[in-house]
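So the chains spell out like this:
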2 protein chains.
Amino acid sequence: MITTVLLCTLLVFAVGVCNGLQHNHVLEEFEPVSQPPNRVSLWPLPQKAQISDVSFKLASSSFRIVDDKDSAGTGCVLLQDAYKRYFEYIFGFAKKSGASRSRTTDQAELTELKVLITSRDSECDGFPSLTSDESYKLIVNKRSAVLTASKVWGALHGLETFSQLVYEDEYGAKTINSTKIHDFPRFAHRGILLDSSRHFLPIKVILANLETMAMNKFNVFHWHIVDDQSFPYMSRTFPQLSVKGAYHPYTHVYTPDEVKMVIEFARLRGIRVIPEFDTPGHTQSWGKGQTDLLTPCYSGSKPSGTFGPVNPILNTTYDFMGQFFKEISSVFPDAYIHLGGDEVDFTCWKSNPDIQKFMNEHGFGQDYTKLESFYIQKLLDIVSTTSKGYMIWQEVFDNGVKLTPDTLIHVWKGNKQQYQEEMANVTASGYQALLSTPWYLNRISYGQDWQGVYKADPQDFKGTEAQKKLVIGGEACLWGEYVDGTNLTPRLWPRASAVAERLWSDVGVTDISDAFNRLSVHRCRMVERGIPAEPLFYSYCPHEYKGV
Amino acid sequence: MITTVLLCTLLVFAVGVCNGLQHNHVLEEFEPVSQPPNRVSLWPLPQKAQISDVSFKLASSSFRIVDDKDSAGTGCVLLQDAYKRYFEYIFGFAKKSGASRSRTTDQAELTELKVLITSRDSECDGFPSLTSDESYKLIVNKRSAVLTASKVWGALHGLETFSQLVYEDEYGAKTINSTKIHDFPRFAHRGILLDSSRHFLPIKVILANLETMAMNKFNVFHWHIVDDQSFPYMSRTFPQLSVKGAYHPYTHVYTPDEVKMVIEFARLRGIRVIPEFDTPGHTQSWGKGQTDLLTPCYSGSKPSGTFGPVNPILNTTYDFMGQFFKEISSVFPDAYIHLGGDEVDFTCWKSNPDIQKFMNEHGFGQDYTKLESFYIQKLLDIVSTTSKGYMIWQEVFDNGVKLTPDTLIHVWKGNKQQYQEEMANVTASGYQALLSTPWYLNRISYGQDWQGVYKADPQDFKGTEAQKKLVIGGEACLWGEYVDGTNLTPRLWPRASAVAERLWSDVGVTDISDAFNRLSVHRCRMVERGIPAEPLFYSYCPHEYKGV
């Protein structure tokens, strides 16, 4: 076997990062390592990993990923699909058996990765959830490697990690080092928000980003599917919403079958799809296909012809919402729906005499947050009847709306001090919190802004241990004003990868320089898998992006 | 014929911008119009244009672009190539004869665009230059349209404009309105700088951007081909430069054939290729393949093992430069070479005792700008023997180096006040100037930063008319620290389009709102032609980008 030192010397020109491998030796006990071999570049960094300098070769002609004979996941289609995907990632789509050529007889070969699902219910046909067990163990130390997980969700993450462990030796032969990994996420909710309203996102773009999310162990696709600008969701119950509210009723909509496809594509990668139907603000596009849903604004004593937020004083509004969310709750299998509730502009409500009358009758005075809360309260009651839990933007909490205890409060506003105070307040009130403020990746600036993204931590606020435990994670948000299919993917990746590691890896994984090295390699890995992830700084990838 | 009002009413949903067409009528005399029909969206705006509401249909089965019988360009391959390209732009690559279906007998049809080159020498087989005649006239007012230009370069621009005039009516039929255009550029030098050193840019990416440059009437590709980070230019004379200095000697280099292909691809689109070989700074990668070229830096009394700028005190340096630039001058046909000369760090020169001795011998004292000028002076003399003119970054002028009168000074530094003073100083000294400072498009910020780009004007400084005439144009620069094939194209377009209009159109074309409307449509046109140009703001394109 070629010694590791030689291997690194030879690799250093081609890859530039090879430290680590020379200095790691087999450890008999698990202990957290913050810096595995850079050449291998695990991202996000596993909780516990040891990588030795004993290596094995993998031949595409013989290597197989198989169910362990005792696995509860035997015959699981989700896993079969993943085996094929990761085999292709490891060996490349075009290469058939090239890696075998450099095999020599004195080299140990890894012929198999056995996947063992230990729980009686593998959840193969189920959906991932906030409480899914995503942990896994991976052992590579003889001709047959073993990946053990309680559920398929952990197995998916383990397969991604396994694929990240495989590298090419100086002759291009696929190689993996003896390794022990025990891994699990720090936070249960690790999301990406994409906005398909400001710009319509072709299904292909959404699927490519789900694919990339899986490479980064994200597990929630927060689909901000409609907003003021357009309503691309094709509703079975209210088809006029997209006929009138989409940018185009045929070319710029998501059909029920397409939505189903997105959900299944995500499920196969351990990703939940949480749709957001934001009300009562952000609803201009809803009004086009649903008469009387929005509040008519007045100019003096007459309607101006423009409309404001959802009209909270009509019974028809709540009839509509009841039917609409009944549909949504059946279309989207996840236990949560995001109900929005942010940025309600009171100008139009204030102009409308019927609203003013209603305010007086209900003793709301001039406090329009009370009217907002009145609406939200009724909406939450409606959604509760569908047996769904809900996520809401922080304003709903700030305005004192009565919430069910399992409500997830999504923090998005303010500067660092302000969002930390908000996280403290939300959790002090006993609610679970999600952070997004430092992760508005639509905001861009010149240079390596991933570093600021990487440094933010959702548990970094003043509070008790009990409060910290109420932090269930966070989401990177890519609002759609300035992105569409032309630039979304390189703008999101690898900047969102920085969020991925913060939400998955141990709290102590904060070394920027190590992160830079690993993320640079991870970026090239995404590029090699066909994802146009942009560079961190000047550098090159062995296989540059072939698109334009 | 369908009236224009109806046409606009029907189109308004699909396109959103249709004003203009209703309000424009046939004018018998040329006069500048700042706002042609938005539906048509000419970009950059022609100097003089009239568009009436009389329209013609174009059928892909019958429409042809042909040489006028009296044209000096008959049989010119450059034109034939362009006819094919623009036919495909107009009718779409996939569509064969779809547009014919909606033809009705009562509609006037445009069956021909005749291209007439009036100068005896069409320059069909030549290269564009700083003094090329790029003007053209375009008349569409009967079944046969006529495009007249002195040289092929004007014809190319006219074909682009013609393709921009064609739109789809409400039935998808290709339509063009009766039109008279007389057009010519405001500035002769309209460039884009791409940097293939910080990141290697695959040839495919470079060609796609040349293609897009032609759509925006840019005429100079400033190829910042090598720099500190890598040396991808494969030199016949000094092959070790790329063998040692490229990121990879095979996968990350431009072979002589590839360079030739880029130059020809550009020529066919009326684009000059000006290579930049920046010295004496920015040369770390040169040193890897050329011993003794760079200055050895000292740590105390001993060489530290690191190297600084080109060593200006050795005769071997000038021998090398003589041979190297002899090659460059034959590989690149353009009359100009960009010699760089920016950002020379004196630290290493100061540390080197041989340099200090040389400084004393030449009476330079401690003024290292004198040494820099000594080097540049000798370099300019060398390059002058190749009969090339040169462009240099502003420092060379600032340091008082003696320059030939045709030198182009490239202004890139400072804030607005500073670059305006520099433009004034350069032109007051009688030199021709190019502006880039406000057009460093690698610098990004959140929102519509194209507007600031659009507002900058290279003649906006205090100076005489004679000084203003010395401003030959400008360049949009996309330095490569944070861009490669994954994100370069959407980051550059349509932001560079704002520079394109500033450099082509009349000085009075400054209406941001009109520019927004036209540029939005132009952006979608680029997308439809396969270029992932990013959105300006929330919106949609009839045909969204299909890539990822």
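Parameters and conventions
Residues numbered from 1 in each chain as written. Chains lettered and ligands numbered in written order. Predicted model: local features only at pLDDT ≥ 70, side-chain atom pairs only at ≥ 80, totals over all residues. Heavy atoms only, no water. Helix = DSSP H or I, 4+ residues; strand = E, 2+ residues; numbered from the N terminus. Contact = heavy atoms within 4.5 Å. Core = buried A, V, L, I, M, F, W, Y, C linked by side-chain atoms within 4.5 Å. Buried < 20%, exposed > 50% of the residue type's maximum accessible area, 1.4 Å probe, protein only. Buried area = accessible area lost by both parts, 1.4 Å probe. Salt bridge = Lys/Arg side-chain N within 4 Å of Asp/Glu carboxyl O. Nonpolar A, V, L, I, M, F, W, Y, C, P; charged D, E, K, R; others polar. Least-squares fit on C-alpha atoms with pLDDT ≥ 70 in both. Pairing = 2+ DSSP bridges. Lys, Arg positive; Asp, Glu negative; His and termini not counted. Disulfide = S-S within 2.5 Å. Polar contact = N/O pair within 3.5 Å; in protein donor to acceptor, adjacent residues only side chain to side chain. Axes fitted to C-alpha atoms, helices over the stretch in contact; angles between N-to-C directions. Parallel < 35°, antiparallel > 145°, perpendicular 65-115°, else oblique. Expected span 1.5 Å × (residues − 1).

**A closer look at the environment of B:D449**
Residues and elements named next belong to chain B. Here D449 shows up in the loop between β16 (432–435) and α14 (450–455). Considered as a pair, D449 and L536 are 87 residues apart in the sequence and their alpha carbons are 9.1 Å apart. Excluding residues that lie within four positions of it along the chain, D449 makes contacts with R443, I444 and R495.

**Focus on the nonpolar core**
With 147 residues, the main nonpolar core has B:F162, B:F277 and B:F324 as its most contacted residues. Listed in part, the 136 residues of the second largest apolar core include A:L156, A:V273, A:V383 and A:F397.

**What about the interface of chain A and chain B?**
Taken together, the 48 residues of chain A in the interface contact 48 residues of chain B. Both sides together, the interface formed by chain A and chain B hides about 4400 Å², and carbon and sulfur atoms give 62% of it. Between the two partners, chain A and chain B, sit four salt bridges. Listed by contribution, the elements that provide at least two residues to the side of chain A that touches chain B are α4 (203–215), α16 (488–492) and α18 (512–528) of chain A. Broken down by class, the residue content of the side of chain A that touches chain B amounts to 24 nonpolar, 14 polar and 10 charged.

**Description of the relation of the copies chain A and chain B**
If you rotate chain A by 180° and push it 0.0 Å along the axis, it lands on chain B with an RMSD of 0.0 Å. Taken together, these values place the two copies in the relation of a two-fold axis. The C-alpha atom lying nearest the rotation axis in chain A is that of A:S445; the distance is 2.5 Å. In this assembly the copies share their binding face: 100% of the residues contributing to the interface of chain A also contribute to that of chain B.

**Side note on the pattern of salt bridges**
Under the criterion given, the structure shown has 44 salt bridges over all chains. Close ionic contact of B:E134 with B:R190 constitutes a salt bridge, the shortest N to O distance being 2.9 Å. With B:E134 in the loop between β3 (112–117) and β4 (136–140) and B:R190 in strand β8 (residues 189–195), this residue pair connects regions lying 56 residues apart in the sequence. Comparing B:E134 with B:R190, the two get one shared label, buried. Because the salt bridges share partners, they merge into one network encompassing A:D81, A:R85, A:E211 and A:R269.

**Description of the pairing of β4(B)**
Residues and elements named next belong to chain B. Burial along β4 is one-sided: Y136, L138 and V140 are buried, and none of K137 and I139, which face the opposite way, are. Note: β4 against strand β5 (residues 144–149), four bridges, orientation antiparallel. For I139, the partnering residue across the bridge sits in β5 and is V146. From the end of β4 to the start of β5, which pair antiparallel, there are three residues. As judged from the five bridges shared by β4 and strand β7 (residues 174–183), these two strands associate in the antiparallel manner. Counterpart to L138 in the pairing with β7 is I181.

**Considerations on the side chain of A:E276**
Residue and element names in this part refer to chain A. Tracing the sequence through the fold places E276 in strand β10 (residues 272–276). This buried residue, E276, is left without a salt bridge; R198 holds the nearest opposite charge, at 8.0 Å. For E276, the residues in contact, after removing those within four places along its chain, are L193, H222, W223, H224, I225, V226, H338, G340 and W393.

**Section: the state of the cysteines**
Chemically, a disulfide is nothing more than a covalent bond linking the sulfur atoms of two cysteines. All names here are of chain A. This model, assessed by the stated rule, comprises six disulfides over all chains. Between the sulfur atoms of C76 and its disulfide mate C124 the distance is 2.1 Å. The S-S bond linking C76 to C124 shows a torsion near 95°; that makes this disulfide right-handed. One end of the pair, C76, is in the loop between β2 (64–67) and α2 (77–91); the other, C124, is in the loop between β3 (112–117) and β4 (136–140), and 48 residues separate them in sequence. In this structure C124 comes out as buried when scored by relative accessible area, which is 8%.

**Regarding helix α17 (residues 495–504) of chain B**
With 10 of its 10 residues buried, α17(B) lies for the most part within the structure. Considered for burial, the residues of α17(B) that qualify are B:R495, B:A496, B:S497, B:A498, B:V499, B:A500, B:E501, B:R502, B:L503 and B:W504.

**Looking at the side chain of B:Q420**
Residues and elements named next belong to chain B. Here Q420 shows up in helix α13 (residues 416–428). Assessed through its relative accessible area of 19%, Q420 is described here as buried. Polar contacts involving the side chain of Q420 include one to the main-chain carbonyl oxygen of D460, which spans 2.9 Å. With sequence-adjacent residues up to four places away left out, Q420 is seen in contact with D460 and F461.

**As for the packing of α2(A) against helix α3 (residues 152–165) of chain A**
Residues and elements named next belong to chain A. Direction vectors running N to C along α2 and α3 enclose 10°, while the axes themselves pass 10 Å from each other. Here α2 lies roughly parallel to α3, going by the angle between them. Across the interface between the two elements, L78, L79, A82, Y83, R85, Y86 and I90 of α2 pack against V152, W153, A155, L156, L159, E160, F162 and S163 of α3. Classifying every residue of the contact of α2 with α3 by side-chain character gives 12 nonpolar, one polar and two charged.

**Remarks on α18(A)**
Residue and element names in this part refer to chain A. With 17 residues, α18 extends 24 Å from end C-alpha to end C-alpha; this agrees with the ideal 24 Å at 1.5 Å per step. Backbone nitrogen of S513 and a side-chain oxygen of the N-cap are separated by 2.9 Å at the start of α18; the cap is D511. Just past α18, the residue G530 takes up positive phi, approximately 95°.

**Re unusual backbone geometry**
Residues and elements named next belong to chain A. In the segment running from W43 into P44, the intervening peptide bond is cis, with an omega of -10°. Relative to the elements of secondary structure, P44 occurs in the loop between α1 (4–15) and β1 (48–58). In this structure, the amide linkage connecting T279 to the following residue, P280, adopts the cis form with an omega of 0°. Position of P280 among the secondary structure elements: in the loop between β10 and α7 (284–289). At E123, a position not held by glycine, the phi torsion is positive, near 65°. Tracing the backbone through its elements, the reader meets E123 in the loop between β3 and β4.

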